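# Report on the structure
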Amino acid sequence: MEVLAEYEDLTDIYLADLRYSRSGSAKAGSDAAGYVEAARAAFLEMWRQKGPLKLDGQGVARSGTICRLLILPGVANEVVENLEWLAEHVGRRLPSA
């Protein structure tokens, strides 16, 4: 969180990744039991700083936050849980592709 605070004025666009939605999966897959809380807190800070993606008249991204959801073998259902979390915390303002 300290690093994100230091980069607030230097960053135009954040690209966040959400890999897991459960601590057990994060521990088993990446030896990072605290991943879910840390990744979600970081995403919310990025969102607070930059908000939704903003495009110029040519469709070029100029500022904002993008969130990439990774589908990992054996825990694909956690993508749905992350989508539900995102919907609850930021609504439908995230770009989709």
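Criteria and thresholds
- Residues numbered from 1 in each chain as written.
- Predicted model: local features only at pLDDT ≥ 70, side-chain atom pairs only at ≥ 80, totals over all residues.
- Heavy atoms only, no water.
- Pairing = 2+ DSSP bridges.
- Helix = DSSP H or I, 4+ residues; strand = E, 2+ residues; numbered from the N terminus.
- Buried < 20%, exposed > 50% of the residue type's maximum accessible area, 1.4 Å probe, protein only.
- Lys, Arg positive; Asp, Glu negative; His and termini not counted.
- Salt bridge = Lys/Arg side-chain N within 4 Å of Asp/Glu carboxyl O.
- Polar contact = N/O pair within 3.5 Å; in protein donor to acceptor, adjacent residues only side chain to side chain.
- Contact = heavy atoms within 4.5 Å.

## Concerning the pairing of strand β3 (residues 61-69)
Pairing analysis gives 6 bridges linking strand β1 (residues 13-18) to β3, with the strands arranged parallel. Bridge assignment links Leu15 to a residue of β3, and that residue is Ile66. Strand direction decides the pairing type here: strand β2 (residues 54-55) and β3, joined by 2 bridges, are antiparallel. Within the sheet, the bridge partner assigned to Lys54 lies in β3 and is Ser63. Between β2 and β3, which follow one another and run antiparallel, lie 5 residues, and Gly59 among them has a positive phi close to 85°.

## Section: the side chain of Glu78
When you line up the elements, Glu78 lands in helix α4 (residues 77-90). Despite its burial, Glu78 pairs with no opposite charge, the nearest such side chain being Arg22 at 4.5 Å. A polar atom in the side chain of Glu78 sits 3.0 Å from the backbone nitrogen of Arg22. When residues no more than four places from it in sequence are discounted, the contact partners of Glu78 are Tyr20, Ser21, Arg22 and Ser25.

## A short note on unusual backbone geometry
One non-glycine residue, Asp31, lies in positive phi territory at about 55°. On the secondary structure map, Asp31 appears in the loop between α2 (23-30) and α3 (35-50). Exposure remark for Asp31: the relative accessible area of 57% places this residue in the exposed category.

## Quick word on the environment of Leu72
Inspection of the secondary structure puts Leu72 in the loop between β3 and α4. We classify Leu72 as partly exposed; its relative accessible area is 21%. For Leu72 and Gly24, which are 48 residues apart along the polypeptide, the C-alpha to C-alpha distance reads 14 Å. Contacts of Leu72, omitting those with residues within four sequence positions, involve Arg19 and Tyr20.

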